[in-house]
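Each chain, letter by letter, is given below.
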Amino acid sequence: DVKVTQSSRYLVKRTGEKVFLECVQDMDHENMFWYRQDPGLGLRLIYFSYDVKMKEKGDIPEGYSVSREKKERFSLILESASTNQTSMYLCASKRQGAGTGELFFGEGSRLTVL
Amino acid sequence: EDQVTQSPEALRLQEGESSSLNCSYTVSGLRGLFWYRQDPGKGPEFLFTLYSAGEEKEKERLKATLTKKESFLHITAPKPEDSATYLCAVRGYGNKLVFGAGTILRVKS
């Protein structure tokens with residue numbers, strides 16, 4: 001069964017802490033994405049990656065960075081967590097190629113920043 | 001700027017009571033409209049892709065339709081297991097996927 005796995009389902013961190021969210025996919029997909037999901041706002045794109053070591057800013061990149069050292073792994077980093085980063089974080093992947101919107105999502109990481 | 005608005009925000013149905021969810025969109029050159037289902041505490045799961053007005057797709061009790069301004073997700077004789085949040089997204093010439101806020105569907109037996 002194809003899968004996108006997010007390492008942490010629930011995290012509680014303190015303001016100012018550095019936070020790592022890890023995502024691994026086993027489908028050999030070129031494209032990977034990080035979204036955050038907040039009630040009433042839908043999914044908002046933070047960063048995406050077309051290939052290894054490549055990254056592009058999404059709509060809300062401020063306060064975040066990413067790393068893609070291997071094709072299967074895409075990490076989201078919060079350098080100094082703040083309370084307004086409390087949210088559900090979703091990782092997704094898809095095959096390369098325009099026209100396909102079929103994203104495969106992980107189960108999400110719910111982050112609470114105190 | 002591409003935009004997606006879903007209505008209603010929440011919908012409660014009795015088992016067997018058919019209804020429709022709406023997804024209104026504005027996009028610079030539609031390259032695809034997508035429906036996802038999201039169960040509580042889980043990531044979204046892909047349902048359908050629609051590319052042009054008049055197109056329809058079906059899966060079990062769900063049927064998605066598309067016009068030039070909106071899409072409908074019709075649910076026929078729903079069951080409690082159809083309870084979920086349904087998300088709509090569009091991709092335009094900018095090649096970016098823009099999501100709506102979703103409709104929370106609850107089906108009571």
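Rules used in this analysis
- Residues numbered from 1 in each chain as written.
- Chains lettered and ligands numbered in written order.
- Predicted model: local features only at pLDDT ≥ 70, side-chain atom pairs only at ≥ 80, totals over all residues.
- Heavy atoms only, no water.
- Helix = DSSP H or I, 4+ residues; strand = E, 2+ residues; numbered from the N terminus.
- Polar contact = N/O pair within 3.5 Å; in protein donor to acceptor, adjacent residues only side chain to side chain.
- Pairing = 2+ DSSP bridges.
- Axes fitted to C-alpha atoms, helices over the stretch in contact; angles between N-to-C directions.
- Contact = heavy atoms within 4.5 Å.
- Buried area = accessible area lost by both parts, 1.4 Å probe.
- Salt bridge = Lys/Arg side-chain N within 4 Å of Asp/Glu carboxyl O.
- Nonpolar A, V, L, I, M, F, W, Y, C, P; charged D, E, K, R; others polar.
- Buried < 20%, exposed > 50% of the residue type's maximum accessible area, 1.4 Å probe, protein only.

(A) Just the environment of Gln6(A), in detail. All names here are of chain A. Within the secondary structure, Gln6 is located in strand β1 (residues 4-6). Separated by 99 residues in sequence, Gln6 and Phe105 have C-alpha atoms that sit 9.3 Å apart. Among the polar contacts listed, one links the side chain of Gln6 to the backbone oxygen of Tyr89, at a separation of 3.0 Å. Engagement of the side chain of Gln6 in a polar contact is seen with the side chain of Ser109, the distance being 3.1 Å.

(B) Up close: the sheet that holds strand β3 (residues 19-26) of chain B. Residues and elements named next belong to chain B. Here five strands make up an open sheet; going across it, the order is β1-β3-β8-β7-β6 and the pairing antiparallel. Every other strand in the sheet has two partners, leaving β1 (3-7) and β6 (56-59) as the edge strands with one partner each. The average angle at which neighbouring strand axes cross in this sheet is 15 degrees, direction not considered.

(C) Examining the interface of chain B and chain A more closely. Contact residues are listed per partner, giving 18 residues for chain B and 19 residues for chain A. Here chain B and chain A share an interface that buries about 1500 Å² over both sides, 53% of which is from carbon and sulfur atoms. Across the chain B-chain A interface, the total number found is one salt bridge. When the shortest N-O distance is used, the salt bridge between Lys96(B) and Asp59(A) registers 2.7 Å. Of all the secondary structure elements, the ones that give two or more residues to the side of chain B that touches chain A are β4 (32-38), β9 (84-91) and β10 (97-99) of chain B. Here the element with the most residues in the side of chain B that touches chain A is β4(B); it accounts for three residues. Per-class residue counts for the side of chain B that touches chain A are nine nonpolar, five polar and four charged.

(D) View of unusual backbone geometry. Backbone torsion omega between Ser7(B) and Pro8(B) reads -10 degrees, so that peptide bond is classified as cis. If you trace the backbone, Pro8(B) turns up in the loop between β1 and β2 (10-14). With a phi angle near 65 degrees, Lys53(A) is a residue other than glycine that sits in the positive phi range. Within the secondary structure layout, Lys53(A) lies in the loop between β5 (42-49) and β6 (56-57). The backbone of Glu60(B) sits at a positive phi, close to 55 degrees, despite the residue not being glycine. Among the secondary structure elements, Glu60(B) is positioned in the loop between β6 and β7 (62-66). Using a relative accessible area of 71% as the deciding quantity, one classes Glu60(B) as exposed.

(E) Structural detail: the pattern of salt bridges. Residues and elements named next belong to chain A. One pass over the structure, following the stated rule, counts twelve salt bridges over all chains. Between Glu107 and Arg9 there is a salt bridge whose closest N-O contact spans 3.0 Å. Of the two residues, Glu107 sits in the loop between β10 (104-105) and β11 (109-113) while Arg9 sits in the loop between β1 and β2 (10-13), which places them 98 residues apart along the sequence. Take Arg9: its relative accessible area is 30%, and that puts it in the partly exposed class. One salt bridge in this structure joins Glu79 and Lys18, with 3.5 Å as the shortest N-O distance. Taken together, the positions of Glu79 in the loop between β8 (73-78) and β9 (87-94) and Lys18 in the loop between β2 and β3 (19-25) put the pair 61 residues apart, joining distant regions of the chain. Look at Glu79 and you get partly exposed, because its relative accessible area is 43%. Overlapping salt bridges, with partners in common, bring together Arg36, Asp38 and Arg44 in one network.

Keep in mind these numbers describe shape, not what the thing actually does.
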